[in-house]
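Topology and contacts: notes
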Amino acid sequence: MQYWLMKSEPDTFSIDDLCRKPGKIEHWDGVRNYQARNMMRDLIKLGDQVFFYHSNCPEPGIVGIMEVSREGYPDFKAFDPGDPHFDPKSTPDNPRWFMVDVRYVRHLPRTITLKELKERSELADLALVRRGNRLSIMPVAKEQWDFVLSLL
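Quick look at the structure, then. As the structure is a prediction and not an experimental result, all values here were calculated from the model.

Criteria and cut-off values
- Residues numbered from 1 in each chain as written.
- Predicted model: local features only at pLDDT ≥ 70, side-chain atom pairs only at ≥ 80, totals over all residues.
- Heavy atoms only, no water.
- Pairing = 2+ DSSP bridges.
- Helix = DSSP H or I, 4+ residues; strand = E, 2+ residues; numbered from the N terminus.
- Axes fitted to C-alpha atoms, helices over the stretch in contact; angles between N-to-C directions.
- Contact = heavy atoms within 4.5 Å.
- Salt bridge = Lys/Arg side-chain N within 4 Å of Asp/Glu carboxyl O.
- Buried < 20%, exposed > 50% of the residue type's maximum accessible area, 1.4 Å probe, protein only.
- Arc of directions from axis to C-beta.
- Polar contact = N/O pair within 3.5 Å; in protein donor to acceptor, adjacent residues only side chain to side chain.
- Core = buried A, V, L, I, M, F, W, Y, C linked by side-chain atoms within 4.5 Å.

Strand pairing in a sheet relies on backbone hydrogen bonds. The paired strands run either parallel or antiparallel. Pairing is mixed in the open sheet, where six strands are placed in the order β2-β5-β4-β3-β1-β6. One side of each edge strand has no neighbouring strand; the edge strands of this open sheet are β2 (25-28) and β6 (137-140). If you compare each strand with its neighbour and ignore which way they point, the axes differ by 40 degrees on average. Pairing analysis gives six bridges linking strand β3 (residues 49-54) to strand β4 (residues 61-74), with the strands arranged antiparallel. Note that in β4 the partner of F52 across the bridge is G64. Packed on one face of the sheet, helix α4 (residues 142-150) meets β1 (3-8), β3, β4, β5 (98-113) and β6 and runs near 55 degrees to β3.

So, in C-alpha cells, the structure goes:
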C-alpha cells in the first residue's frame, strides 16, 4: 500500500462534498499537471490511502482520509468542450489526462494545519512543506503518514 496527499479547494470540492456523493465515492478529476497526471496514471493503486487536504482557504490543512477505489483512467472531462477542464488535444483514443476514484474513509477529529505541519522537523521531507511545491497530488512516506496521524 502507498500513501498520498490530494489537495482540493473546499469551495470547489470539499471532504463534505465527497461525503454526499453516492457511495461516498467520486472521481478526482481536473488535474492538469503532467507530474500529478503520471502519478494518477501509473503509480496510484487500488486501496492506497490518501490524505484529503483543503487548500487555498483560511486554514489550509489535512481534514480527512480517503481510499483509492479505482485506479487511473482517462479524465473524460477533458473531452467535453463545455467543461472548464476541456483540452482539445486530449481525445478518447489518445487521452492526455487521467483521474482516479476515491472513497471517503473519515474526517479527522480536527484539521491538521499547514502551519502545524511546517513546524514539525519530522516532516521536513514531506513534499507539502517543501518550498516551491505546488503539486495537487503528492506521495507521503509511511513514516510521514503515521507521524501526521500521531498529531491527532
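After presenting the structure, the write-up continues.
With that settled, the discussion passes to the pattern of salt bridges. Counted by the stated rule, this structure contains eleven salt bridges. With a shortest N-O distance of 2.5 Å, D17 and R20 are connected by a salt bridge. With D17 and R20 both in helix α1 (residues 15-20) and three residues apart, the pair spans about one turn of that helix.

Another point: helix α2 (residues 34-43). Three or more residues of α2 are buried, namely A36, R37, M39 and M40. The buried residues of α2 occupy one face: seen down the axis, they fall within an arc of 155 degrees. Among the structural elements, β1, β2, β4, β5 and β6 are those in contact with the buried residues of α2. Near the N-terminus of α2, the side chain that reaches the backbone nitrogen of Q35, with its oxygen 2.9 Å away, is that of N33.

We now examine unusual backbone geometry. One non-glycine residue, K24, lies in positive phi territory at about 55 degrees. In this structure, N56 is a non-glycine residue whose phi angle is positive, near 50 degrees. Assignment of secondary structure puts N56 in the loop between β3 and β4. On the basis of relative accessible area, N56 is assigned to the exposed category, the value being 60%.

Among the nonpolar cores identified, the biggest contains 42 residues, and M6, W28, I62, L117 and I137 are the most heavily contacted of them. Not counting residues within four places of it along the chain, the set of residues in contact with W28 comprises M6, K7, S8, F13, M40, F52, M66, M99, V100, V102 and I137.

Okay, the pairing of β4 next. Counted along the chain from β3 to the antiparallel partner β4, the turn is six residues long, and its residue N56 has a positive phi close to 50 degrees. As defined by bridge partners, β4 adjoins β5 across ten bridges and the pair is classed as antiparallel. Across the sheet, I62 pairs through a bridge with I112, a residue of β5.

The next subject is the environment of E122. For E122, the position within the fold is in the loop between α3 (114-119) and β6. In this structure E122 comes out as partly exposed when scored by relative accessible area, which is 44%. Taking the C-alpha atoms as reference points, E122 and F147, separated by 25 residues in sequence, lie 7.7 Å from one another.

Fair warning: the whole summary comes from geometry, so function is off the table for now.
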